[in-house]
Amino acid sequence: MNQTLSNSQNRTRILRWAGTIISFILLIYLFQRQGWEEISSAFKQVSSFSFAMGIVLIFVSRFAVVGRWHSLLRSVEDVRISETARITFAGLFASNFLPTTVGGDVVRFAGAVQLGIKGVVAAASLVVDRLIGMLGMAFALPLGAQPLIRWLSEDRTAGAGFVFGFSIPWINRLWEKGAGVLKKLIEAVKVWSDHQKSLLLSLGFSVIHMLATFGTIMLLFEDMGEQLPLSLVAGLWSFVYFVTLMPVSINGFGVQEISIAFIFSEVGGVSLEHGLT
């Protein structure tokens, strides 16, 4: 039994490292194929003001993530916002190199337990935090549904099909897996069944996080001469979000960048160099 579990964990670890390496190679290939000079030129189109505003919006997004989790914790535990922020930022940092898309949650769990929060409560709060984040993105997904469905139903070119690998059966498998996970985790929400206000507040912070993220993308595209409405940016980005939940690389590294470049190029109509930038 233990040997089987160990072999499974080893295969998963190998898959994630392989996925990370392959994604990184593909990303470098895309940069080289598109041309470093074109990408550098596109980057120079972004003004200092827009770059600074993008950083401000990213901070708004990160602190909104803090608020989302803190809203859940404080309804059942006595915890200070400074403690929640410290643990959240530690988790966000750690997720950049831990070999899983939820590695930062492991750090947050350890930090919460160290504060004296019961393990069951800490784990449940992280599950609900994740579910609320997914719920928010699910609300945004229909905004890009029409162009996405049209794109997925068309015949893909050999190059794009090889690199991105999208097909309707692939989407169906992703949907089935997500539905199965949600069914198993829905029990965690019952811990907050008597704290509806905290759930709504947490969802509100998630919306702020999303708007800041979408606003950053739209701002950068506008400086590069690409006019995308906020609704389309939201729909396409949320689709990329669900794609990167697939545990095939470290923190979705490479997968996210390739997904963004292709989705915004193929579906949003922006140039590939601007998508890569």
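Because the structure is a prediction, the values reported are computed rather than measured.

Bringing the overall build of the protein chain into the picture now. Helix and strand counts for the protein chain come out as 13 helices and zero strands. Going from N to C terminus, the protein chain has its helices and strands arranged as α-α-α-α-α-α-α-α-α-α-α-α-α. Buried residues in the protein chain amount to 44% of all 277 residues.

Turning our attention to the nonpolar core. With 27 residues, the main nonpolar core has Phe 214, Ile 263 and Phe 264 as its most contacted residues. Excluding its chain neighbours within four sequence positions, the residues that come into contact with Phe 214 are Met 137, Ala 140, Leu 230, Val 233, Ala 234 and Trp 237. Counting residues in each nonpolar core, the second largest holds nine residues, with Ala 112, Val 121, Ala 122 and Leu 126 among its members.

Scanning the model with the defined rule gives five salt bridges in all. Arg 108 is the partner of Asp 105 in a salt bridge, and the nearest nitrogen-oxygen pair spans 2.7 Å. Separated by three residues within a single helix, Asp 105 and Arg 108 lie in helix α5 (residues 103–114), roughly one turn from each other. Accessibility assignment for this pair places Asp 105 and Arg 108 in one class, buried. The residue Asp 129 makes a salt bridge to Arg 108 at a minimum N-O spacing of 3.1 Å. Residue Asp 129 is found in helix α6 (residues 119–140), and its partner Arg 108 is found in helix α5; the two are separated by 21 residues along the sequence. Like Asp 129, the residue Arg 108 is buried in the burial classification. Overlapping salt bridges, with partners in common, bring together Arg 68, Asp 105, Arg 108, Asp 129 and Arg 130 in one network.

In the predicted model, the protein chain carries a mean pLDDT of 75, and 64% of its residues have values of at least 70. The secondary structure element of the protein chain with the lowest average pLDDT is helix α8 (residues 158–164), at 43, and the one with the highest is helix α3 (residues 48–73), at 92. Note on residues 155–170: pLDDT is under 50 here. Beyond four places in sequence and across chains, it has 22 contacts.

Under the criterion given, the structure shown has four aromatic pairs. Ring centres of Phe 59 and Phe 63 lie 6.5 Å apart, and the angle between their planes is 25 degrees; this geometry places the pair in the stacked category. Pair noted here: Phe 59 and Phe 63 are both in helix α3, with a separation of four residues, about one helical turn. Note on Phe 63: relative accessible area 47%, which makes it partly exposed. With 5.4 Å between their ring centres and 45 degrees between their planes, Phe 221 and Phe 264 make a pair best called tilted. Of this pair, Phe 221 sits in helix α10 (residues 196–223) while Phe 264 sits in helix α12 (residues 255–266), and the two are 43 residues apart along the sequence.

Criteria and thresholds
Residues numbered from 1 in each chain as written. Predicted model: local features only at pLDDT ≥ 70, side-chain atom pairs only at ≥ 80, totals over all residues. Heavy atoms only, no water. Helix = DSSP H or I, 4+ residues; strand = E, 2+ residues; numbered from the N terminus. Buried < 20%, exposed > 50% of the residue type's maximum accessible area, 1.4 Å probe, protein only. Core = buried A, V, L, I, M, F, W, Y, C linked by side-chain atoms within 4.5 Å. Contact = heavy atoms within 4.5 Å. Salt bridge = Lys/Arg side-chain N within 4 Å of Asp/Glu carboxyl O. pLDDT = per-residue confidence, 0-100. Phe/Tyr/Trp six-rings, centres within 6.5 Å; stacked < 30°, edge-to-face > 60°.

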